[in-house]
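# Coordinate inspection notes
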Amino acid sequence: MSLAPAPLPFPLARRAARLVPVLPLVALPALLALPVTHGGAGPADVVSGLVVVYCVIRLLRERRRPLSPAAAVVLGLPVVGLALAAMGASSPEAGLTGLGRYLQVFVLVPAAVLILVRDRTDFRVLAWSFVGIALWQGAVGVHQYATGTGASYQGEDVRAVGTFGAHDVMGMATAVSLGLVCAAGIALGRAAVWQRVTATGCAVVLLLPLALSFSRGAWIATALTCAVQLVLTGPRRTLKVALAAAAAGVVLTGGFGIGTAQLQERVDSIARVGDAPDQSVVDRYALWASAGGMWREQPLTGVGLKGFPEYRDGHAALALSSGSDIKGAGTEYRKQALLSPHNMYLLVLSEQGLIGLLSLAGCWLALLVGGGRRLLRARGHVPGRGHGPGDGPEPGREPALDCGLVACGLLLWLLTDFVYGDIGGPSTMLVALGLGLAAWWALAGGEYRDAVARSTVPERVEEAAAR
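Residues numbered from 1 in each chain as written. Predicted model: local features only at pLDDT ≥ 70, side-chain atom pairs only at ≥ 80, totals over all residues. Heavy atoms only, no water.

### Quick notes on the packing of helix H9 (residues 216–231) against helix H15 (residues 401–417)
The geometry of H9 relative to H15 is characterised by a closest axis approach of 9 Å and an angle of 145° between their N-to-C directions. Considering the relative orientation of H9 and H15, their crossing is right-handed. Packed against H9, whose contacting residues are Gly217, Ala218, Ala221, Thr222, Leu224, Thr225, Val228 and Gln229, the element H15 presents Leu405, Val406, Gly409, Leu412, Trp413, Thr416 and Asp417 at the interface. Of the residues assigned to the contact of H9 with H15, the class counts are eight nonpolar, six polar and one charged. (Axes fitted to C-alpha atoms, helices over the stretch in contact; angles between N-to-C directions. Helix = DSSP H or I, 4+ residues; strand = E, 2+ residues; numbered from the N terminus. Left-handed = near helix turned anticlockwise from the far one by under 90°. Contact = heavy atoms within 4.5 Å. Nonpolar A, V, L, I, M, F, W, Y, C, P; charged D, E, K, R; others polar.)

### Quick look at the side chain of Gln144
With respect to the helices and strands, the residue Gln144 is situated in helix H6 (residues 120–147). Using a relative accessible area of 8% as the deciding quantity, one classes Gln144 as buried. At 2.9 Å, the side chain of Gln144 forms a polar contact with the backbone nitrogen of Val161. Contact partners of Gln144, with chain neighbours within four places excluded, come to Thr149, Gly150, Asp157, Arg159, Ala160, Val161 and Gly162. (Buried < 20%, exposed > 50% of the residue type's maximum accessible area, 1.4 Å probe, protein only. Polar contact = N/O pair within 3.5 Å; in protein donor to acceptor, adjacent residues only side chain to side chain.)

### Quick look at unusual backbone geometry
If you check the backbone angles, Lys306 has positive phi at about 65° while not being a glycine. A positive phi is found at His342, a non-glycine position, where the angle reads about 55°. Given the relative accessible area of 28%, His342 is considered partly exposed.

### Observations concerning the environment of Arg237
Its place among the elements puts Arg237 in helix H10 (residues 235–255). Arg237 sits in the partly exposed class, given a relative accessible area of 36%. In sequence terms Arg237 and Leu188 are 49 residues apart; their C-alpha atoms lie 9.0 Å from each other. Beyond its immediate stretch of four places on either side in the chain, Arg237 contacts Ala187, Leu188 and Leu230.

### A short note on H9
Counted at 1.5 Å a residue, the expected span for H9 with its 16 residues is 22 Å, and the 23 Å between its end C-alpha atoms agrees. The set of residues buried in H9 consists of Arg216, Gly217, Ala218, Trp219, Ala221, Thr222, Thr225, Cys226, Gln229 and Leu230. (Expected span 1.5 Å × (residues − 1).)

### As for the packing of aromatic side chains
The full count for this structure, using the stated rule, is eight aromatic pairs. Aromatic side chains Tyr102 and Phe106 sit 5.8 Å apart centroid to centroid with 25° between the ring planes, which places their arrangement in the stacked category. Residue Tyr102 and its partner Phe106 are located together in helix H5 (residues 92–116), separated by four residues, close to a single helical turn. Among the residues examined, Tyr102 registers a relative accessible area of 5% and is labelled buried. With 4.4 Å between their ring centres and 10° between their planes, Tyr153 and Phe214 make a pair best called stacked. Of this pair, Tyr153 sits in strand S1 (residues 151–153) while Phe214 sits in the loop between helix H8 (193–212) and H9, and the two are 61 residues apart along the sequence. Owing to a relative accessible area of 7%, Tyr153 belongs among the buried residues under this scheme. Accessibility expressed as a relative area gives 0% for Phe214, which makes it buried. One aromatic cluster is present, formed by Tyr102, Phe106, Tyr345, Trp364 and Phe418 through successive ring pairs. Of note, Arg374 hangs over the ring of Trp440, and the distance from its end group to the ring centre comes to 5.8 Å. In this arrangement the basic side chain of Arg374 is found over the ring face of Trp441, its NZ or CZ atom lying 4.7 Å from the centre. (Phe/Tyr/Trp six-rings, centres within 6.5 Å; stacked < 30°, edge-to-face > 60°. Lys NZ or Arg CZ within 6 Å of the ring centre and 35° of its normal.)

### Observations concerning the nonpolar core
One broad trend across soluble globular proteins is that nonpolar side chains are buried collectively. Counting 109 residues, the largest nonpolar core has Leu25, Tyr102, Phe106, Met344 and Trp364 as the members making the most contacts within it. Setting aside chain neighbours within four positions, we find Met344 in contact with Tyr102, Phe106, Trp364, Phe418, Gly421, Asp422 and Ile423. (Core = buried A, V, L, I, M, F, W, Y, C linked by side-chain atoms within 4.5 Å.)

What follows is the structure, given as structure tokens:
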């Protein structure tokens, strides 16, 4: 009697093979787990260039167009302002460096995500990689707080910064926040039960390192984003989760006393930004005013890429300090110069002018509108329900609700956080990937349905042959 080969490994092998195109993107968050060396391009930046080359090779081999016309227009919008600002830079080196960085973050890496992410499975794999790096950085940050080996905060080395170090205190806060937004989107969506349960646990765990980052901007952006995600799932679930979150907050801060005094002081400082601001808020206001002064001098094209540090002192108020104090997390005490306005919109306005800001903002607005419309359709889509000729995609073809919540959540978080920060440091790679996921959700509808048809038909044929 001959034994037939077990059919189980073959479907698993096919599923694993289908994940190969998205694995280079997953490698980018994974590389952020390595200790950061400041100065020059990091490992994730180098690999992102290789990912773009990999995309070009795949497109040449498959002989297909890289992007749809709509995607090419939306992602190509920032190039207009960037080209003009690069020509107006103070030096060719500054222009080329700034142009390369902006293209990497806002054009090339998002386009690579749009090309390599083919379906909801790829999307979820990349979203889970956000959660994974957030858990790792959060664990390192909590250990830093518990052992007093973090960055300096109010004279104590307790600020959780993960592997990003005291030079980039926003790095861990960004990674943890984006991971929490992804986990919340998966938990609130219609993914498999085990994914929703796991994502819920991850979201709860990530609240602690987010709190210990002492980043007010990350707190505000995360709270707003998660609130919008909750509202989109219905009022009953919103009420339940709000009550559970309030109870967890009472237990953590009241019952266990986790960072009670320092967290309370930090939270209270949000309400005092106008009445009794601390020095960091004073510096931020002064930098914002300096960026506004640069824009008024060159309203259309700005002062050129990488031009903010050079023109800062000529427009800065006397209240601006010489720099921020850096200490802890393996770094000796020193002053770090304030080289950006810590506001992405004002940074673009000052260096690229109105043309650059409208180009970038037009891209983001298109993604927000397109992604929001598609999310509302997915929210009303009931899996398995029949559709008429004008009702859109067939059942099962519309991407799952969790993908929409994650994509729109990432975009909303970034647009909110840009009020309090800008690009810079290794965590910027997560910004680029987040924009890419938002672009996939907003722009890849037709490509998604084609990919589903290509992937499901051969699979059904193989299953029928196996029977």
